[in-house]
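# Reading the structure
Spelled out from the first residue to the last, the chains are:
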Amino acid sequence: MSSSSAWRLDGKRALVTGGSSGIGLATATELAGLGADVVLVARNPAPLEQARADIQSASPGTVVEFITADLSREDDRRRLTESLLDPVHILVNNSGTNIRKRMDELTLEEYRHVQETNLVSCFEMCRLLHPLLRSSAPSCVVNNASVAGMTHLRTGAPYGMSKAAMIQLTRNLAVEWASEGIRVNAVAPWYINTPLAGQVLSDPDYRRQVLDRTPMGRVGEVEECARAIAFLCMPASSYITGQCIAIDGGFSVFGF
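Here goes a summary of the coordinates provided. (Residues numbered from 1 in each chain as written. Predicted model: local features only at pLDDT ≥ 70, side-chain atom pairs only at ≥ 80, totals over all residues. Heavy atoms only, no water.)

## Some details on the overall build of the protein
Rules: Going along the chain from the N terminus, every DSSP run of H or I of four or more residues is numbered as a helix, and every run of E of two or more is numbered as a strand. As a reference, a globule follows 2.2 Å times the number of residues to the power 0.38, and the radius of gyration itself is taken over C-alpha atoms. Only protein chains enter the accessibility calculation, which uses a 1.4 Å probe; a residue whose area is less than 20% of its type maximum is buried, one above 50% is exposed, and one in between is partly exposed. Residue contacts are counted whenever heavy atoms from the two residues lie within 4.5 Å of one another.
From N to C terminus, the protein includes 8 helices and 7 strands. For 256 residues, the compact-globule estimate of 2.2 N^0.38 gives 18 Å, and the C-alpha radius of gyration of the protein, at 18 Å, lies within 12% of that figure. If you line up the protein on its principal axes, its C-alpha atoms span 45 × 40 × 40 Å. Of all 256 residues assigned to the protein, the portion counted as buried reaches 50%. Expressed as a percentage of contacts within the protein between residues at least 6 apart in sequence, the contacts between residues at least 24 apart total 73%.

## So, empty space enclosed by the protein
In plain terms, the rule: Of the two site types, the cavity is a set of points on a 1 Å grid over the protein atoms alone where a 1.4 Å probe fits but cannot get out, and the pocket is an open set with protein on both sides within 12 Å along at least five of seven lines, each lined by residues with an atom within 4 Å of a point. Grid points are joined across faces, edges and corners, and a volume is the space filled by probe spheres set on the points.
Counting across every chain of the model gives 1 cavity of 30 Å³ or more. Taken as a whole, the largest cavity holds about 40 Å³ of empty space. Taken together, Thr17, Leu71, Asn93, Asn94, Ser95, Asn118, Ser121, Cys122, Met125 and Met166 make up the lining of the largest cavity. A total of 4 residues in the lining of the largest cavity trace back to one element, the largest contributor, which is helix α4 (residues 108–135).

## Notes on the layout of surface pockets
Here is the rule: Amino acids outside the nonpolar list (Ala, Val, Leu, Ile, Met, Phe, Trp, Tyr, Cys, Pro) and the charged list (Asp, Glu, Lys, Arg) are all regarded as polar, and Gly is one of them.
What the largest pocket holds in volume is close to 970 Å³. Lining the largest pocket are 41 residues, with Asn94, Ser95, Gly96, Thr97 and Leu196 positioned closest to its centre. Mapped by element, the contributors of at least two residues to the lining of the largest pocket are α1 (22–33), β2 (37–42), α4, α5 (157–177) and α6 (195–201). Ranked by the residues each element gives to the lining of the largest pocket, the list is headed by α6, at 4 residues. Across the lining of the largest pocket, the residue classes tally to 18 nonpolar, 19 polar and 4 charged.

## Regarding α1
Put simply, the rule is: By this rule, a helix spans an expected 1.5 Å times one less than how many residues it contains.
The terminal C-alpha atoms of α1 lie 17 Å apart, and with 12 residues this matches the ideal 16 Å at 1.5 Å per residue to within 8%. Those residues of α1 lying buried are Ile23, Gly24, Ala26, Thr27, Ala28, Leu31 and Ala32. In the stretch just after α1, glycine 35 is the one whose phi turns positive, near 110°.

## Notes on helix α8 (residues 222–233)
Across its 12 residues, α8 extends 17 Å between first and last C-alpha, which sits within 8% of the 16 Å expected from 1.5 Å per residue. Buried within α8 are the following residues: Val222, Cys225, Ala226, Ala228, Ile229, Ala230, Leu232 and Cys233. Along its buried surface, α8 packs onto α1, β4 (90–93), β5 (139–144), β6 (182–189) and β7 (244–247).

## Some points on the environment of tryptophan 177
Of note, tryptophan 177 is situated in helix α5. In this structure tryptophan 177 comes out as buried when scored by relative accessible area, which is 8%. Spatially, the C-alpha atom of tryptophan 177 lies 9.8 Å from that of cysteine 140, the residues being 37 residues apart in sequence.

Below is the structure:
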């Protein structure tokens with residue numbers, strides 16, 4: 001393999017969940033720009049159609065498909081995976097949600113919704129797509145976790161629990177699937193300019209506190225997450241598996 005091809009994804013097909021906005025859309029755009037065909041998954045068709053048009057405009061030679069599915073629902077997950085055909089070389093588990101409440105304010109239904117959307121969907125997409133990933137090897141999975149899975153954040157216990165479990169799932173699958181040519185890694189973003197983060201970053205006092213805890217003094221951009229995810233999908237990272245890369249401007253190592 002030439003050094004230049006190690007940094008390309010030509011001939012690869014990637015499935016990106018939560019692919020119509022935020023980190024998911026930026027990741028799909030980045031992968032397409034590197035030569036991969038992409039399949040976008042999200043709940044609403046209108047944003048998916050717009051995302052497909054935007055990606056194809058930026059990367060005219062790329063095949064861009066989309067599938068409408070709510071990955072917190074078991075029937076949608078099965079319908080999605082049953083509709084897919086070979087090959088699938090790359091799976092990016094990016095779908096996620098949060099309910100920002102203290103533990104004593106949460107209902108069991110709210111807890112289950114966060115776990116189903118973040119953790120169960122990730123587990124099930126890995127499990128259900130394993131045959132396609134194995135038949136397409138060398139292949140890879142990248143799970144979008146969070147620094148909330150590594151340390152306490154004010155995002156709430158269920159969210160942090162789901163992301164910590166995603167990181168451990170990454171480690172386990174990396175070992176289980178290594179002999180099959182499937183690499184499994186994760187990224188752990190801190191605050192990134194996304195619609196979900198914007199709900200709290202719009203509060204000037206809260207934003208100041210976030211920046212005070214970030215050595216680089218700013219929040220991240222979706223493209224910065226997308227480039228790290230893309231690297232983990234490239235042949236250039238072929239000896240990296242079971243790892244979780246923090247994309248956090250130094251937050252996770254900021255002691256005193």
